[in-house]
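What the coordinates show
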Amino acid sequence: MASTSLSWTSSSFLQNHSFVKKMNTDNNTTSILTVVAQKKAKKTRKVILKDDFTALGKKGQLMDVKAGFYRNYLLPMGMAQIVTPSLLKEMKTEDERIEAEKKRVKEEAQQLAMIFETVGAFKVKRKGGKGKQIFGSVTAQDLVDIIKAQLQRDVDKRIVSLPEIRETGEYIAELKLHPEVTARVRLTVFAN
């Protein structure tokens, strides 16, 4: 059986790909092997967070995390999922649905604000005292009760912003129906 030996200097692959440099000194030809190293590849994974994670981000956020962190922590805890094209498509449709819902809620709030502003002044009767003063004060709950009686609309008293009312006169109350929509309502207070 014939054995063949392959030496570094005689390898055609190394000579053709310029890993070996030949140097001529006097009568000797020597070869120097050049070692080429590649950079270490970054091992990251694209994941979608399933839960809010204080160090990384919020639920549904697309993240690049190291493979070991995903494999050893996020995956066993069920906090993240590897990104796939179908998952991205599903996320996109979910985002579109959420945006459409937010837009619908905002439009409803704008319509309700228009109704409140076109009604005119809500009238509040209180027992009168000296001059313009009234006994007690007008509270947010009073305004909510009046709105329910006149417009048959349920309004939470926590969204009502009312100045301190202890005298007869006309006042303006604000109803924060949506983070971007505020209705201004006129309120007329008079004594019996």
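Residues numbered from 1 in each chain as written. Predicted model: local features only at pLDDT ≥ 70, side-chain atom pairs only at ≥ 80, totals over all residues. Heavy atoms only, no water.

If you check an unreviewed UniProt entry, the protein chain appears there as Large ribosomal subunit protein bL9c from Penstemon davidsonii.

Attention shifts here to the sheet that holds strand E6 (residues 122-126). By definition, the strands of a sheet pair up through backbone hydrogen bonds, in either a parallel or an antiparallel sense. Spatial strand order, E6-E11-E10-E8: four strands in an open sheet with mixed pairing. Each having just a single partner strand, E6 and strand E8 (160-161) make up the two edges of the open sheet. Strand direction decides the pairing type here: E8 and strand E10 (residues 169-178), joined by two bridges, are antiparallel. By the bridge assignment, Ser161 is partnered in E10 with Glu174. Against the sheet, helix H3 (residues 85-119) contacts E6, E10 and strand E11 (181-191), and its axis sits at roughly 25° relative to E11. (Pairing = 2+ DSSP bridges. Helix = DSSP H or I, 4+ residues; strand = E, 2+ residues; numbered from the N terminus. Contact = heavy atoms within 4.5 Å. Axes fitted to C-alpha atoms, helices over the stretch in contact; angles between N-to-C directions.)

Moving on, we get to the environment of Glu94. Inspection of the secondary structure puts Glu94 in helix H3. At 2.6 Å, the side chain of Glu94 and the side chain of Arg97 are in polar contact. (Polar contact = N/O pair within 3.5 Å; in protein donor to acceptor, adjacent residues only side chain to side chain.)

Before going further, it helps to examine unusual backbone geometry. One non-glycine residue, Gln152, lies in the positive phi region at around 55°. Residue placement: Gln152 occurs in the loop between helix H4 (140-151) and E8. You can call Gln152 exposed: its relative accessible area is 61%. (Buried < 20%, exposed > 50% of the residue type's maximum accessible area, 1.4 Å probe, protein only.)

Attention now goes to the sheet that holds strand E5 (residues 80-82). Pairing within the open sheet is antiparallel, and its three strands lie in the order E4-E3-E5. Edge positions in the sheet fall to strand E4 (62-66) and E5, since each of these pairs with one other strand and no more. When strand polarity is set aside, the average angle formed by the axes of neighbouring strands in this sheet is 45°. Examined bridge by bridge, strand E3 (residues 44-49) and E5 share three bridges and lie antiparallel to one another. Bridge pairing in E5 links Ile48 to Gln81. Sheet strands in contact with helix H2 (residues 67-77) are E3, E4 and E5, and its direction is about 95° off that of E4.

Moving on, we get to the nonpolar core. Within the largest apolar cluster, 24 residues are counted, with the highest numbers of intra-cluster contacts made by Phe116, Leu143 and Leu175. Counting only elements with at least two residues in this core, the list comes to H3, E6, strand E7 (133-138), H4, E10 and E11. When sequence neighbours within four positions are dropped, the list of residues in contact with Leu143 reads Phe122, Val160, Leu162, Ala173, Leu175 and Leu187. (Core = buried A, V, L, I, M, F, W, Y, C linked by side-chain atoms within 4.5 Å.)

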